[in-house]
Amino acid sequence: MALEDIQNRIAKAEADAGRTPGSVKLIAVSKVQPLDRVEAVLEQGHRIFGENKVQEAAGKWPDFRTRYDGIELHLIGPLQSNKTRQAMELADAIHSVDRPKLAKGIARIAQELGSCPDLFIQVNTGEEEQKAGILPADADAFIAECRDLDLPIHGLMCIPPVDEEPALHFALLAKIAERNGLDGLSMGMSADFESAIALGATHVRVGSAIFGDRVPPAG
Ligand SMILES: *Cc1c(COP(=O)(O)O)cnc(C)c1O
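All values derive from a computational prediction rather than experimental measurement.

Engineer: Can you explain the pattern of salt bridges? Please cite residues and give values.
Structural biologist: Applying the stated criterion across every chain, the model contains 13 salt bridges. Arg65 is the salt-bridge partner of Asp92, the closest N and O atoms lying 3.1 Å from each other. Taken together, the positions of Asp92 in the loop between α4 (84-90) and β4 (93-97) and Arg65 in helix α3 (residues 54-67) put the pair 27 residues apart, joining distant regions of the chain. Asp92 gets classed as partly exposed once you look at its relative accessible area, which sits at 31%. On the basis of relative accessible area, Arg65 is assigned to the partly exposed category, the value being 32%.

Quick look at the structure:
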């Protein structure tokens, strides 16, 4: 089975890197997947999932939560400010905190709700125009700003550019996290999660290698 195969590869990568067994969390990225594939993975006992759109997550996870205990939902896509509250009510973790305005909005809503999801700050390690994330040069100041807002910052997240060696980006992210005293590293996807684990990933986000190729929405 694909899920079991990925779990075995994660365990091997942990061992090869001298990491504690079980120290890497597998986030099964279920965006755009048919519901029966997601259900099959739930039936196999997996409970940690990732979605990149608030709307799409809202359409499937409240229902799954009524039928399966212990679901942990991670939002991993860019977050529009007007969706902040909905995202915070829906998710256990948000991996895409990437600008002061969003951080301030999260802090305000956390006060109202009396709770806040675990947060990761997304760093645009490749400094790509079209990609979300704080620039590496601005990361230290932004992390400090989030801490001043009392946000529960768990770690950093990155998505390397498609045409570059991902290990360089994973190493850069790990370095920024270390100098800021952050433990969490959300990095590594289907094609490169083993390399990410070797460089310290605590959360890998794996979609197509578990569920199969994403089925584009009809129409
Ligand atoms: C879709 C997505 C993934 C999973 O990608 P795969 O290549 O299918 O494993 C991981 N992270 C983010 C942010 C994504 O949007």
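Engineer: Account for helix α6 (residues 136-148), with residues named and values stated.
Structural biologist: The first and last C-alpha atoms of α6 sit 19 Å apart over 13 residues, in line with the 18 Å expected at 1.5 Å per residue. Where α6 is concerned, the buried positions are Pro136, Ala139, Phe142, Ile143 and Cys146. On the buried face of α6, the contacting elements are β4, α5 (100-113), β5 (118-122), β6 (153-157) and α7 (166-179). With its phi angle positive at about 65°, Asp150 sits one or two positions after the end of α6.

Engineer: Mind laying out the packing of helix α2 (residues 35-43) against α3, listing which residues take part and the relevant values?
Structural biologist: Two quantities define a packed helix pair, namely the angle between the axes and the distance from one axis to the other. It is the contact of α2 with α3, at a shortest axis distance of 12 Å, that shows an interaxial angle of 35°. Crossing hand, α2 versus α3: right-handed. Contact residues: α2 offers Leu35, Val38, Glu39 and Leu42, while α3 offers Lys60, Trp61, Phe64 and Arg67. A class-by-class count of the residues in the contact of α2 with α3 yields five nonpolar, no polar and three charged.

Engineer: Please give an account of the site of the ligand that cites residues and values.
Structural biologist: Every residue lining the ligand is accounted for by Val29, Lys31, Asn52, Ile76, Ile159, Met189, Ser190, Arg205, Val206, Gly207, Ser208 and Arg214. One of the backbone N or O atoms of Ser208 is found 2.8 Å from an oxygen atom in the ligand. Of the residues contributing to the shell around the ligand, the split by class is five nonpolar, four polar and three charged.

Engineer: Which residues make up the side chain of His74, and what values do they have?
Structural biologist: Mapped onto the secondary structure, His74 falls in strand β3 (residues 72-75). A relative accessible area of 2% places His74 in the buried class. Polar contacts involving the side chain of His74 include one to the side chain of His95, which spans 2.8 Å. Contact partners of His74, with chain neighbours within four places excluded, come to Ile27, Ile48, Phe49, Gly50, Glu51, Ala93, His95 and His203.

Engineer: Tell me about the environment of Ala201, and please be specific about residues and values.
Structural biologist: As for its placement among the helices and strands, Ala201 is situated in the loop between α8 (193-198) and β8 (203-206). Relative accessible area serves as the criterion here: at 0%, Ala201 is assigned to the buried category. Taking C-alpha positions, Ala201 is 26 Å from Trp61, a pair spaced 140 residues apart along the chain. Not counting residues up to four positions away in its chain, the partners in contact with Ala201 are Arg19, Val24, Leu185, Met187 and Ala196.

Engineer: Pulling in residues and values, what's your account of α5?
Structural biologist: An α-helix turns once every 3.6 residues. As a result, residues three or four positions apart point the same way. In a regular helix each residue adds 1.5 Å, so 14 residues correspond to 20 Å; α5 covers 20 Å between its end C-alpha atoms and thus fits that length. Within α5 the residues assigned to the buried category are Leu102, Ala103, Gly105, Ile106, Ala107, Ile109 and Ala110. Contacts made by the buried residues of α5 are with α4, β4, β5 and α6. Two residues or fewer after α5 comes Gly114, characterised by a positive phi angle close to 75°.

Engineer: Give me the lowdown on the environment of Ile210, citing residues and values where you can.
Structural biologist: Along the chain, Ile210 falls in helix α9 (residues 208-211). Owing to a relative accessible area of 8%, Ile210 belongs among the buried residues under this scheme. Distance in space between the C-alpha atoms of Ile210 and Ala17 is 23 Å, their sequence separation being 193 residues. Sequence-distant contacts of Ile210, that is, excluding residues within four places in its chain, are made with Ala2, Leu3, Ile6, Leu26, Ala28 and Val41.

What counts and how
Residues numbered from 1 in each chain as written. Predicted model: local features only at pLDDT ≥ 70, side-chain atom pairs only at ≥ 80, totals over all residues. Heavy atoms only, no water. Salt bridge = Lys/Arg side-chain N within 4 Å of Asp/Glu carboxyl O. Helix = DSSP H or I, 4+ residues; strand = E, 2+ residues; numbered from the N terminus. Buried < 20%, exposed > 50% of the residue type's maximum accessible area, 1.4 Å probe, protein only. Expected span 1.5 Å × (residues − 1). Contact = heavy atoms within 4.5 Å. Axes fitted to C-alpha atoms, helices over the stretch in contact; angles between N-to-C directions. Left-handed = near helix turned anticlockwise from the far one by under 90°. Nonpolar A, V, L, I, M, F, W, Y, C, P; charged D, E, K, R; others polar. Near = heavy atom within 4 Å. Polar contact = N/O pair within 3.5 Å; in protein donor to acceptor, adjacent residues only side chain to side chain.

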